[in-house]
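Here are the chains, one letter per residue:
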Amino acid sequence: MRSHVEEHKAWRNCQSLMKQKQHIEVAMCKQSDQTKKEYRIHLTAIVDCIRFLLRQGLAFRGNDESMSSSNKGNFLELLDFLVDHNEVIHKVIKNARGNLKLIAPTIQKDIVRSAASETTKAILDDLGDNLFSILIDESRDISVKEQMVVVLRYVNKKGQVIERFLGLVHVSNTNALSLKIALESLFSKYGLSLSSLILKENCSAFYIHCFAHQLQLALVTVAKKHVGVALFFNLVANISNVVGASCKRRDILRESQIAKVKEALQKGEISSGRGLNQETTIKKAGDTRWSSHYDTLLSLLSLFPSTIDVLEIVEEDGMSLAQKGETCALLNSMQTFEFVFTLHLMKNILGITHELSQALQRSDQDIVNAMKLVSVSKQRLQAMRDDGWSSLLNNVSSFCENHNIVVLNMNDTFQTQGRSRRRVEKVSNLHHFQVELFFQVIDQQLQELNNRFTEANTELLLCVACLNPRDSFSAFDKEKLIRFAQFYSSEFSPIELLALDNQLENYFIDVCFDSAFSKLEGIGDLSMKLVETRKHVVYPLVYLLLELALILPVATASVERVFSAMNIIKNRMRNRMGDEWLNDCLVTYIEREVFDSIENEQIIQCFQTMKTRREQL
C-alpha cells in the first residue's frame, strides 16, 4: 500500500498535468481567434482592392506578376500600395504564406463573382414581385462574339422608373429563337418568369420596339432596299476612311478648309460668329446610329471642296497604283450629279427626324412626347414628298454649279451605271431622280415608320397618353383608359374592369382638386406623387395602369450604355475575357450605385459559401 506522501505527490502531478492541458487549449483557442482575425483583415483588404478595380473598369492581371517585376498588374500593385500604407494590413499580409496570400487569379474571380452575385441579388430584391419589361439588344464585342444584353425596366417601391442591367449572354445566332432560348436560360438562372413577355405565348404581352431603335432600323432598311442609297453610303464611308486615314491628310483637310473659309469671309459669302465655320473633319457614321449618319452628311457637305482637294493630293501622291486607282474612282463618283443629289436628299430626310432621334436617346423620355415627335416626323416626310421636289432640285443644281459639277438635263435619257443597258428600260433623268429615287426613298421611310408603329401599338400608346397629368389632367379620358386595361386581360379580370370604371372617376376628381398634383410634368412624376401621398393604396387599379404604362420601353439609352461599358471592360488588351468574367465585371461596373450599397461582409460571406460548396464536391 502506497503511503500518504506518495498519494499526495501523485495528486499534485495530476493537477499539474490538467493545468498544462488547459493552458495548451487556451493558447490554441487564442491562436485560432487571432488567425481568424488576421484572415478577415487580409480578405477585407483583397475585397477593397477588387472593389476599386471593378468600379473603375480596370484590368486585374499583369504581363509579368513575378516578385521581381517592376509592374505586376493593377491588382498586385494596388495591394502592395495598400500594404505599404497600412501597418495592420502590412503585418498580416507579409506573414501570409502559400495559398493564404489570397492573390491567385481563381480567388480574384471568385470574389468578383460574389460581388456581381450580391449586386444582382440586390437588384432582384428591389424588383420583388413587381411587373417589369425587358430591353434586349445584341452587339459584337472586341473578339467578334455576339453578345446579347438584357436590361430590366420596372417601377420601384417609391414609384420611380428603374432600368437595371441584368446580364450578358453570348449567342451563336441572333435570330428570334436563339435570343429567346438565351433569355429563358438567363431568366431561369435568376428565378424570373418569361411567360408574360412573349406575345405569341401570352395575349397580355405587347412587343413595343424601343422608339430610337425603330428610327435607326428604318435607315438601315432603306440602305438595304434601295441600291442607289446603299451604294451612296458605301461611297461616303470609303471617302471618310481615305480622308481620315492619317494625321497628314487630316491636316491637309483642315488647312484647305481654313483657307476656303477665309476666302468666303472676304467675299462676304458667309458670316462670322461664335461657333460658326468650325467643321474641320468628316465624322464617321455608325451602322445603327441614325444621328451619326446625319452628322456625317452635314460635315461632308460643309467640307465638300476641301475633301476634293485631299483626294486629289492622295491620287497624285499615292503610295501604290491600287491606292491611286481607288482614290480616282472616289473622285469620279463624288463629282457626279447623282452623288450630290443623293447627298442632299438623305441629308434632308435625316434632318427631319434628327430632333426625334436625339430626344429618344434620352433615358428620361416618356411615351407621350415620343408619340408627338413620331407624328411630326411623319407629317414632315409627307410634306417633303408632296411639295419638296422643286426646292431640292434647285439646291442640288446650285451646289453642282458652284463646285463645277455637270448639271443633268432632266429631259435627257438617264445613263445607267454598272448594269447592261440592254436589260434596263430607258427612262428620263426626271423619272429616275424623282420617281425611282426621291419618291421611293421617302415612301420607304414612311412605310417603315408605319410598319413599326402598328395599329395595336399606336392605340396602346394613345391610351397611355390619357394618364398625362399636365394642364390639370386635360388629357384624361376614362374610356381610353379602360380600353388600355383591356389590353392586359391577365392583370384585369372582368370584375376588376367594372371596379376600374368607378375608381377612375374618384381618382380624377381627387387629383384635380389636390394642389400636390397641380405642377406635375409627366407620368413618371405622377407615379412618385401617388406613392408619396399614399394614393396608390387608395386607387390600386389606377396605379396598376400607371405602372404598366411606365414599364413600356421608350429609349435604348440603357442598352447603349451597356455596349459602351463593354468596350471599356473588354478592350483590345483584354480581348480574351471569358463570357462569365465579362458579365461579372459589367454588372459591378454598370450598376455601381447598387454595388456601392453592398457591404464587404456580404461579399465575404458569399465567397466563403462558394468556397465551402466547392470543397464539398
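The rules we used
- Residues numbered from 1 in each chain as written.
- Predicted model: local features only at pLDDT ≥ 70, side-chain atom pairs only at ≥ 80, totals over all residues.
- Heavy atoms only, no water.
- Helix = DSSP H or I, 4+ residues; strand = E, 2+ residues; numbered from the N terminus.
- Buried < 20%, exposed > 50% of the residue type's maximum accessible area, 1.4 Å probe, protein only.
- Contact = heavy atoms within 4.5 Å.
- Areas by Shrake-Rupley, 256 points an atom, 1.4 Å probe, with all protein chains shown as cover.
- Pairing = 2+ DSSP bridges.
- Axes fitted to C-alpha atoms, helices over the stretch in contact; angles between N-to-C directions.
- Polar contact = N/O pair within 3.5 Å; in protein donor to acceptor, adjacent residues only side chain to side chain.
- Parallel < 35°, antiparallel > 145°, perpendicular 65-115°, else oblique.
- Left-handed = near helix turned anticlockwise from the far one by under 90°.
- Core = buried A, V, L, I, M, F, W, Y, C linked by side-chain atoms within 4.5 Å.
- pLDDT = per-residue confidence, 0-100.
- Salt bridge = Lys/Arg side-chain N within 4 Å of Asp/Glu carboxyl O.

- As recorded in an unreviewed UniProt entry, the protein chain goes by Zinc finger MYM-type protein 1 and comes from Cajanus cajan.

1. Quick word on the overall build of the protein chain
Here's step 1: If you tally the helices and strands in the protein chain, you get 27 helices and 3 strands.
Here's step 2: With 617 residues in all, the protein chain has 44% of them scored as buried.
Here's step 3: A fraction of 68% describes how many contacts in the protein chain between residues 6 or more apart in sequence connect residues 24 or more apart.
Here's step 4: Here the protein chain displays about 33,600 Å² of accessible surface, and carbon together with sulfur accounts for 51% of that area.

2. Some points on the sheet that holds strand E3 (residues 161-170)
Here's step 1: If you trace the 3 strands from one edge of the open sheet to the other, you get E1-E2-E3, paired in antiparallel fashion. Two strands lie at the open edges of the sheet, namely strand E1 (132-140) and E3, each paired on one side alone. Neighbouring strand axes in the sheet, compared pairwise and without regard to direction, differ in orientation by 20° on average.

3. Focus on the pairing of E1
Here's step 1: Two elements, E1 and strand E2 (residues 146-155), share 9 bridges in a ladder whose sense is antiparallel. By the bridge assignment for E2, Asp137 is matched with Val149.
Here's step 2: The hairpin turn running from E1 into E2, its antiparallel successor, is 5 residues long, and Val144 in that turn takes a positive phi close to 60°.

4. Observations regarding the environment of Phe232
Here's step 1: By the element assignment, Phe232 lies in helix H7 (residues 227-243).
Here's step 2: Each C-alpha atom, one on Phe232 and one on Met346, is 9.7 Å from the other, the two residues being 114 residues apart in sequence.
Here's step 3: Apart from residues no more than four positions distant in its own chain, Phe232 is found in contact with Leu297, Phe339, Thr342, Leu343 and Met346.

5. Side note on the side chain of Asn429
Here's step 1: Summarising the element assignment, Asn429 is placed in helix H16 (residues 429-452).
Here's step 2: Overall, Asn429 belongs to the buried group, its relative accessible area being 3%.
Here's step 3: For Asn429, the side chain forms a polar contact with the main-chain oxygen of Asn409, separated by 2.8 Å.
Here's step 4: The residues touching Asn429, leaving out its near neighbours within four places in the chain, are Leu408, Asn409, Met410, Asp412, Thr413, Phe414 and Gln415.

6. With respect to the side chain of Ser299
Here's step 1: If you trace the backbone, Ser299 turns up in helix H9 (residues 290-302).
Here's step 2: A polar contact is formed between the side chain of Ser299 and the backbone oxygen of Thr296, at a distance of 2.8 Å.

7. Some points on the packing of helix H12 (residues 337-352) against helix H15 (residues 389-402)
How two helices pack is summed up by the angle between their axes together with the distance between the axes.
Here's step 1: At their nearest, the axes of H12 and H15 sit 10 Å apart, and the two run at 130° to each other. In terms of orientation, H12 and H15 fall into the oblique class. In this structure, H12 meets H15 at a crossing whose hand is right-handed. Together, Phe337, Val340, Phe341, His344, Leu345 and Asn348 of H12 and Trp389, Leu392, Leu393, Asn395, Val396, Ser397, Phe399 and Cys400 of H15 make up the contact between the two elements.

8. Re the nonpolar core
Soluble globular proteins tend to bury their nonpolar side chains together.
Here's step 1: Counting residues in hydrophobic clusters, the biggest one holds 52 residues, and the most contacted among them are Phe304, Phe339, Phe341, Leu345, Met346 and Phe438.
Here's step 2: Breaking this core down by element, the ones donating at least two residues are H7, H9, helix H10 (304-317), helix H11 (321-334), H12, helix H14 (367-387), H15 and H16.
Here's step 3: In this structure Leu345 touches Met384, Leu392, Leu437, Phe438 and Val441, once residues within four positions along its chain are discounted.

9. Here we look at the confidence of the model for the protein chain
Here's step 1: Predicted confidence across the protein chain gives a mean pLDDT of 82, with 78% of residues reaching 70 or more.
Here's step 2: Long-range and interchain partners of residues 273-279, a stretch whose pLDDT sits below 50, account for 10 contacts in this model, where long-range means more than four residues apart.

10. Some thoughts on the pattern of salt bridges
Pairing between side chains becomes possible if they bear opposite charge and their charged atoms approach one another.
Here's step 1: Within the structure shown, the criterion is met by 22 salt bridges.
Here's step 2: Between Arg113 and Asp110 there is a salt bridge; the shortest N-O distance is 3.5 Å. Placement of the pair is Arg113 and Asp110 together in helix H4 (residues 105-127), with a separation of 3 residues, close to one helical turn.
Here's step 3: The exposure class assigned to Asp110 is buried, which follows from its relative accessible area of 8%.
Here's step 4: Ionic pairing is found between Glu591 and Arg164, a salt bridge with its closest N-O pair at 2.9 Å.

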